[in-house]
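Single-letter residue listing:
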Amino acid sequence: MGADSQTGEQEKQNGNSFDVNDYTIIKEGDAEILMHTKNEVFYNKTQVNNRDMSIAVLRTFISQRKQEHEAMLARRRTKAANKVLDAKAEKPGDSVQHNGESNDGSEVMEDTSNGESCSIPEEQTKNPRGKGQEELKPPRVLEALSASGLRALRYAREVDGISQVVALDNDKASVEACRRNIKFNGSVACSKVESHLADARVYMLTHPNEFDVIDLDPYGAPSVFLDSAVQSVADGGMLMCTATDMAVLCGGNGEVCYSKYGSYPLRGKYCHEMALRILLASIESHANRYKRYIVPVLSVQMDFYVRVFVRIYTSASDMKNTPLKLSYVYQCTGCDSFHLQTVGRTVSKNNSVRYLPGFGPAVAQECSDCGKKFNMGGPLWSAPIHDQEWVAAILADVKSMKERYPAYERISAVLTTVSEELPDVPLFLSLHNLCATLKCTSPSAVIFRSAVINAGYRISGTHVNPLGLKTDAPMDVIWDIMRCWVKNHPVKAQPSDQAGSVILAKEPVLQANFSRAVASLSKAQAKKVARFLPNPERHWGPKLRAGRTITSKHVSLLGPKALDAINNHENDDGSNHEDVEEEPANKQ
């Protein structure tokens, strides 16, 4: 352990001592933290995927931010140079120069247009609003809910170019643990990371436009932090946000989701992607209140949560496009058909753009495929949820330094699948659901993909579900393909009022071609690159909240071995330390 061990020993000598035997040293990436065995401060091993993905995005953000700044400076210099040349061209001809002097005897600059660059006054290269500077300041990061501080420490130690990481928590034990871990990680951590006891909402509201990156990773819903977070991010900065309340976002409690996020979820096969889009729509809604808007660069569903990475910009005019990026969803209650209706639309006339309500209704009262009613959900974010250039850059960075990512296999698999998604197709179909509706055997994914491609449409997989298929083919084309499949693979007769029976009773308009198409396999599939990996161990998921007593009922969460280890350690503590208080018998 080297320097880290020495730091811990120095703390003992300085009076800020703690018994190392009461702690477990957890190493992740370049950071090490001391975790108390009694679960005083929340630490989630499962979130290593989350932290690795965040580090990869943060590295790409710093690189992109530098490129954007250099491009901005180049544009300013070009603009300033053009102004100087225009001013010279418009100068009256009566001011004749002789040996560097004008008619009135004052000195003038020599003509430098013959192969030499113009010297541009420094004040002309500054931002017209006075906010920009020639030198790009290193980014500042705010981790709003730090707990043990592991994420903040990894940012400081593993991401080059960060000037400061501010770690917040409103729990005193967490702040003490974070400060202890900062010292335990040596001089780099001490110089870059600072921990504060504060309410994240209040802190962000009192530090507007101050942080280039804000990371929200709460235990549950992030909704209460979004309003202050979108105000605290600098213009062009990054907001990283996690939501772990998947039961709410996926339709388990629709009314609760609406109260927290302002959208009503639907329980379709695509519910996890819908959760991503509901979260994005909620962030956009909060940003719009301050004449700001979001640009998603990466949105993923992993393990038991969704995680979005969005840039936030300020522009009253661009903010008006928000209704074009939001849609309502109509989901048939009988079959797998769904339809989207945008909230707004635009009309162009005489070089001007008018913003109008979207046309509706997008569907009839009854489904045209099976005759059943529709459920309506949303609004949700229906614009792209990834920037494919960013995804390619992040994936390249991850592959170039795979040894620095503890969860390399998992995040590279997710990024690979994301890179192959159709970016402009919201939500997805489930091939197994289509077949369940018709009560038929399922075609292979390759055969179904080939039929869609041969019909002239695009199709791809989705990182959310191994069986999900994104396509721009309308639902009547999808059902025609399935009707043609059933003709070659007959099914048993079903009651006439069943959705599948109604669909199969119609003759297909499109004659599907099931011959294998070249593009039916993605590049990753063709190269047999792993795209969906199993969990690394049993009981993989969120652990207990900090402070909860660990008992035998938690075996399903922690596993029997982990539970035995904790109980054995507590027994050892009780036998070795006489001053350990017994737990009250009535404590829940």
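Heads up: the structure comes first, above all this text.
Everything quoted here is computed from the prediction, not taken from an experiment.

Participant: Give a description of the overall build of the protein that names residues and reports values.
Facilitator: The helix and strand inventory of the protein stands at 19 helices and 17 strands. Looking at the 588 residues of the protein, the share that counts as buried comes to 48%. Residue pairs at least 24 apart in sequence account for 69% of intrachain contacts in the protein once pairs closer than 6 positions are excluded. By element, 50% of the accessible surface of the protein is carried by carbon and sulfur atoms, the whole surface being about 29,500 Å².

Participant: Describe the side chain of Glu273, naming the residues involved and giving the relevant values.
Facilitator: Within the secondary structure, Glu273 sits in helix α10 (residues 271–288). Judged by its relative accessible area of 1%, Glu273 falls in the buried class. Among the polar contacts made by the side chain of Glu273, one reaches the main-chain amide nitrogen of Leu427 at a distance of 2.8 Å. If we ignore the near neighbours within four places in the chain, the residues touching Glu273 are Val425, Pro426, Leu427, Phe428, Thr462, Val464 and Lys470.

Participant: Which residues make up the sheet that holds strand β14 (residues 374–381), and what values go with them?
Facilitator: Taking strand neighbours across the sheet as the criterion, the three strands line up as β11-β10-β14 in an open arrangement whose pairing is antiparallel. What marks the edges here is a single partner per strand, and that holds for β11 (338–342) and β14. Recorded for the sheet is a direction-independent mean angle of 25 degrees between the axes of neighbouring strands. In this structure, strand β10 (residues 326–332) lies alongside β14, joined through six bridges in antiparallel fashion. Bridge pairing in β14 links Gln331 to Asn375. Sheet strands touched by α10: β10 and β14. Its angle to β14, the strand with the most contacts, is close to 50 degrees.

Participant: So what about the environment of Val310? Which residues, and what values?
Facilitator: Among the secondary structure elements, Val310 is positioned in strand β9 (residues 305–314). Separated by 71 residues in sequence, Val310 and Leu239 have C-alpha atoms that sit 5.4 Å apart.

Participant: Report on the packing of aromatic side chains, specifying residues and quantitative values.
Facilitator: The tally for this structure, following the rule as stated, stands at six aromatic pairs. Judged by centre distance (6.3 Å) and plane angle (35 degrees), the ring pair of Tyr203 and Phe211 falls under tilted. Exposure remark for Tyr203: the relative accessible area of 13% places this residue in the buried category. Note on Phe211: relative accessible area 0%, which makes it buried.

Participant: With reference to specific residues and values, describe the pairing of strand β17 (residues 468–471).
Facilitator: Side-chain alternation along β17 places Gly468 and Lys470 on one buried face and Leu469 and Thr471 on a second face that is also buried. By the bridge criterion, two bridges tie strand β15 (residues 429–430) to β17 in an arrangement that is antiparallel. The residue bridging Ser430 from the neighbouring strand is Gly468, located in β17.

Participant: Please provide a residue-by-residue account of the nonpolar core, values included.
Facilitator: Formed by 82 residues in total, the largest nonpolar core has its most connected members in Leu216, Leu239, Leu249, Ile283 and Phe448. If you tally residues by element for this core, the top one is α10, at 10 residues. The contacts of Leu216, once residues within four sequence positions are left out, are Ala144, Met204, Phe225, Leu226, Ala229, Leu239, Met240, Cys241, Thr242 and Arg307. Within the second largest apolar cluster, 46 residues are counted, among which are Met53, Leu153, Ile394 and Tyr405.

Participant: Can you explain the sheet that holds strand β8 (residues 292–302)? Please cite residues and give values.
Facilitator: The seven strands lie next to each other as β5-β4-β3-β6-β7-β9-β8, forming an open sheet whose pairing is mixed. The open sheet has two edge strands with one neighbour each: β5 (193–197) and β8. Direction aside, the axes of adjacent strands within the sheet are offset by 15 degrees on average. Strand direction decides the pairing type here: strand β4 (residues 164–169) and β5, joined by five bridges, are parallel. Within the sheet, the bridge partner assigned to Val165 lies in β5 and is Val193. Sheet strands in contact with helix α11 (residues 388–400) are β7 (233–243), β8 and β9, and its direction is about 50 degrees off that of β8.

Participant: Before we move on, could you go through helix α4 (residues 172–184) and cite the residues and values that matter?
Facilitator: Compared with the 18 Å implied by 1.5 Å per residue over 13 residues, the 18 Å span of α4 between its first and last C-alpha is a close match. Of the residues making up α4, those classed as buried are Ser174, Val175, Ala177, Cys178, Arg180, Asn181, Ile182 and Phe184. Looking one or two residues past α4, Gly186 carries a phi angle of roughly 90 degrees, positive in sign.

Participant: A description of the packing of helix α9 (residues 254–261) against α10 should follow, citing residues and the corresponding values.
Facilitator: Relative to each other, α9 and α10 sit at 30 degrees, their axes nearing to 10 Å. The orientation of α9 with respect to α10, classified from their angle, is roughly parallel. Mapping the contact onto sequence places Cys257, Lys260 and Tyr261 in α9 and Ile278, Leu279 and Ser282 in α10. Here the contact of α9 with α10 is composed, by residue class, of four nonpolar, one polar and one charged.

Participant: Lay out the state of the cysteines with the relevant residues and their values.
Facilitator: Applying the stated criterion across every chain yields a total of zero disulfides. The thiol of Cys335 is not disulfide-bonded; the next cysteine sulfur, from Cys332, is found 3.6 Å away.

Participant: Describe in detail the pattern of salt bridges, supporting the description with residues and values.
Facilitator: If the charged atoms of two oppositely charged side chains come close together, the side chains can form a pair. Taken as a whole, this structure holds 21 salt bridges when the rule is applied. With a closest N to O distance of 2.6 Å, Arg483 and Asp480 form a salt bridge. One end of the pair, Arg483, and the other, Asp480, are both in helix α15 (residues 475–488), three residues apart, so they sit about a helical turn from each other. With respect to burial, Arg483 and Asp480 carry one shared label: buried. The network of salt bridges with shared partners includes Glu28, Arg51, Asp52, Arg154 and Glu158.

Participant: Break down helix α12 (residues 408–419) for me, with residues and values.
Facilitator: Its 12 residues place the ends of α12 16 Å apart at the C-alpha level, agreeing with the 16 Å of an ideal helix rising 1.5 Å per residue. When you tally the buried positions in α12, you get 10 out of 12 residues, the bulk of the element. When α12 is considered as a whole, its buried residues turn out to be Tyr408, Arg410, Ile411, Ser412, Ala413, Val414, Leu415, Thr416, Thr417 and Val418.

Participant: Give a detailed account of the pairing of strand β13 (residues 352–357), specifying residues and quantitative values.
Facilitator: Note that strand β12 (residues 344–349) and β13 share six bridges and pair antiparallel. Considered in β13, the bridge of Ser348 is made with Val353. Hairpin connection between β12 and β13: a loop of two residues separates the two successive antiparallel strands, and Asn350 in this loop has a positive phi of roughly 55 degrees.

Participant: Would you mind going over empty space enclosed by the protein in detail, with residue names and values included?
Facilitator: With the rule as written, the count across this model stands at one cavity of 30 Å³ or more. The volume enclosed by the largest cavity comes to roughly 30 Å³. Lining the largest cavity are Glu273, Arg277, Ile385, His386, Glu421, Leu422, Pro423, Val425 and Lys470. In terms of residue class, the lining of the largest cavity is built from four nonpolar, one polar and four charged.

Rules behind the numbers
- Residues numbered from 1 in each chain as written.
- Predicted model: local features only at pLDDT ≥ 70, side-chain atom pairs only at ≥ 80, totals over all residues.
- Heavy atoms only, no water.
- Helix = DSSP H or I, 4+ residues; strand = E, 2+ residues; numbered from the N terminus.
- Buried < 20%, exposed > 50% of the residue type's maximum accessible area, 1.4 Å probe, protein only.
- Contact = heavy atoms within 4.5 Å.
- Areas by Shrake-Rupley, 256 points an atom, 1.4 Å probe, with all protein chains shown as cover.
- Polar contact = N/O pair within 3.5 Å; in protein donor to acceptor, adjacent residues only side chain to side chain.
- Pairing = 2+ DSSP bridges.
- Axes fitted to C-alpha atoms, helices over the stretch in contact; angles between N-to-C directions.
- Phe/Tyr/Trp six-rings, centres within 6.5 Å; stacked < 30°, edge-to-face > 60°.
- Core = buried A, V, L, I, M, F, W, Y, C linked by side-chain atoms within 4.5 Å.
- Expected span 1.5 Å × (residues − 1).
- Parallel < 35°, antiparallel > 145°, perpendicular 65-115°, else oblique.
- Nonpolar A, V, L, I, M, F, W, Y, C, P; charged D, E, K, R; others polar.
- Disulfide = S-S within 2.5 Å.
- Salt bridge = Lys/Arg side-chain N within 4 Å of Asp/Glu carboxyl O.
- 1 Å grid on protein atoms, 1.4 Å probe; cavity = no way out; pocket = protein on both sides within 12 Å on 5 of 7 lines; lining within 4 Å.
- Points joined across faces, edges and corners; volume = space filled by probe spheres on them.

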